[in-house]
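Structure at a glance
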Amino acid sequence: AFHPHILDRMRQGKDRKAAIAKVAADKIQDGDTVIISAGTTTALIAKYLLGRRNVHIVTNNTLLLTYARTNPQLRVTLVGGEFRPSEEGLVGPLAIQSLDQVFVSKAFIGVDGASVKQGFTAHLVESADLVRKMAQQAQQVYVICDSGKFGTSGFARILPFDGVNGLITDSGLSAEFEKDLREAGVSIFKAES
């Protein structure tokens, strides 16, 4: 990754991101089909899938390819679309159309913010549209984000809290947000970093 925005995000909270990605990877079993959205934490999920067999990943996350290359047991389908360097991901109508062709057991989606009023959000409308489509194409949806994203809203809404099955985050999640999420039916999985 060379875009300053991505490089900065990759440096922030490395241990916390790694711990969250490990918990997410533990949710993936041999033979699973999964969608993983663009993001610095979501990219790390592939790093922790060593030993898993016949896992098929559908993604718009170009950072993930760095880790997928080292694991011959992973099959990766990269959706088409316009490359956005500031996200290290593919977006746009072609990416959304590509997702119409697949249905997976689990989606692991990154978000830019979360609030009770707006739910899970992204900074860009194109990103929100694509991540929402990813969630629609999965039986189970897990949001992957650190607790610092709670209480801030991005520009575009992705999903309300009750639109996801689980949240994988760190131990810094406030009791207030934890209560709101549980009331919305969201299972919470906390990584220890």
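Fair warning: this is a prediction, and the values are worked out from it, not measured in the lab.

Here's the deal with helix H2 (residues 14–26)
An ideal rise of 1.5 Å per residue puts 18 Å on 13 residues; H2 measures up with 18 Å between its terminal C-alpha atoms. Among all positions in H2, only Lys17, Ala18, Ala19, Ile20, Ala21, Val23, Ala24 and Ala25 are buried.

Section: the environment of phenylalanine 120
Tracing the sequence through the fold places phenylalanine 120 in strand E8 (residues 119–122). For phenylalanine 120, a relative accessible area of 1% translates into the label buried. Separated by 19 residues in sequence, phenylalanine 120 and glutamine 139 have C-alpha atoms that sit 18 Å apart. Every residue in contact with phenylalanine 120, bar those within four places of it in the chain, is listed here: Val111, Gly113, Ala114, Val143, Phe150, Arg157, Ile158, Leu159, Pro160, Phe161, Val164 and Leu181.

Considering the environment of asparagine 71
By the secondary structure assignment, asparagine 71 is in the loop between helix H4 (64–68) and strand E3 (74–78). For the pair asparagine 71 and arginine 84, spaced 13 residues apart in sequence, the C-alpha separation works out to 25 Å. Other than its neighbours up to four places away in sequence, asparagine 71 contacts Leu49, Leu50 and Gly51. Of the polar contacts made by the side chain of asparagine 71, one reaches the backbone nitrogen of glutamine 73; its length is 3.0 Å.

Observations regarding a positive patch on the surface
On the surface, Arg11, Lys14, Lys22 and Lys47 cluster together into a positively charged patch. By the secondary structure assignment, lysine 22 is in helix H2. Since its relative accessible area comes to 42%, lysine 22 is described here as partly exposed.

Section: the nonpolar core
The biggest cluster of nonpolar side chains holds 34 residues, and the ones touching the most others in it are Ile109, Phe120, Val143, Phe150, Leu167 and Leu181. Of all the secondary structure elements, the ones that give two or more residues to this core are helix H5 (93–99), strand E6 (104–110), E8, helix H6 (125–136), strand E9 (138–144), strand E10 (156–159) and helix H7 (175–183). The biggest single contributor to this core is H6, with five residues. If sequence neighbours within four positions are ignored, isoleucine 109 has contacts with Ser37, Thr42, Val131, Met134, Val141, Tyr142, Val143, Ile144 and Leu159. Grouped together as the second largest cluster of nonpolar side chains are 25 residues, Ala24, Ala43, Phe108 and Ile168 included.

Some details on the environment of alanine 138
Its location among the elements puts alanine 138 in strand E9. Residue class for alanine 138 comes out buried when judged on its relative accessible area of 11%. In this structure, alanine 138 is in contact with Phe103, Val104, Ser105, Lys106 and Ala107, ignoring residues within four places of it in sequence.

Looking at the pattern of salt bridges
Per the stated rule, a full pass over the model turns up 10 salt bridges. Here aspartate 26 and arginine 52 are joined by a salt bridge, their closest N and O atoms 3.4 Å apart. In this pair, aspartate 26 sits in helix H2 while arginine 52 sits in the loop between helix H3 (40–43) and strand E2 (55–59), placing the two residues 26 residues apart along the sequence. Under the relative-accessibility criterion, aspartate 26 is labelled exposed at 53%. According to the relative accessible area criterion, arginine 52 is buried, its value standing at 17%. Lysine 106 is the salt-bridge partner of aspartate 32, the closest N and O atoms lying 2.6 Å from each other. One end of the pair, aspartate 32, is in the loop between H2 and strand E1 (33–36); the other, lysine 106, is in strand E6, and 74 residues separate them in sequence. Several salt bridges converge on common partners, so that one network encompasses Arg84, Glu87 and Glu126.

Rules used throughout
- Residues numbered from 1 in each chain as written.
- Predicted model: local features only at pLDDT ≥ 70, side-chain atom pairs only at ≥ 80, totals over all residues.
- Heavy atoms only, no water.
- Helix = DSSP H or I, 4+ residues; strand = E, 2+ residues; numbered from the N terminus.
- Expected span 1.5 Å × (residues − 1).
- Buried < 20%, exposed > 50% of the residue type's maximum accessible area, 1.4 Å probe, protein only.
- Contact = heavy atoms within 4.5 Å.
- Polar contact = N/O pair within 3.5 Å; in protein donor to acceptor, adjacent residues only side chain to side chain.
- Patch = residues over 30% accessible without salt bridge, like charges linked within 9 Å, V, L, I, M, F, W, Y side chains within 5 Å.
- Areas by Shrake-Rupley, 256 points an atom, 1.4 Å probe, with all protein chains shown as cover.
- Salt bridge = Lys/Arg side-chain N within 4 Å of Asp/Glu carboxyl O.
- Lys, Arg positive; Asp, Glu negative; His and termini not counted.
- Charge placed at Lys NZ, Arg CZ, Asp CG, Glu CD.
- Core = buried A, V, L, I, M, F, W, Y, C linked by side-chain atoms within 4.5 Å.

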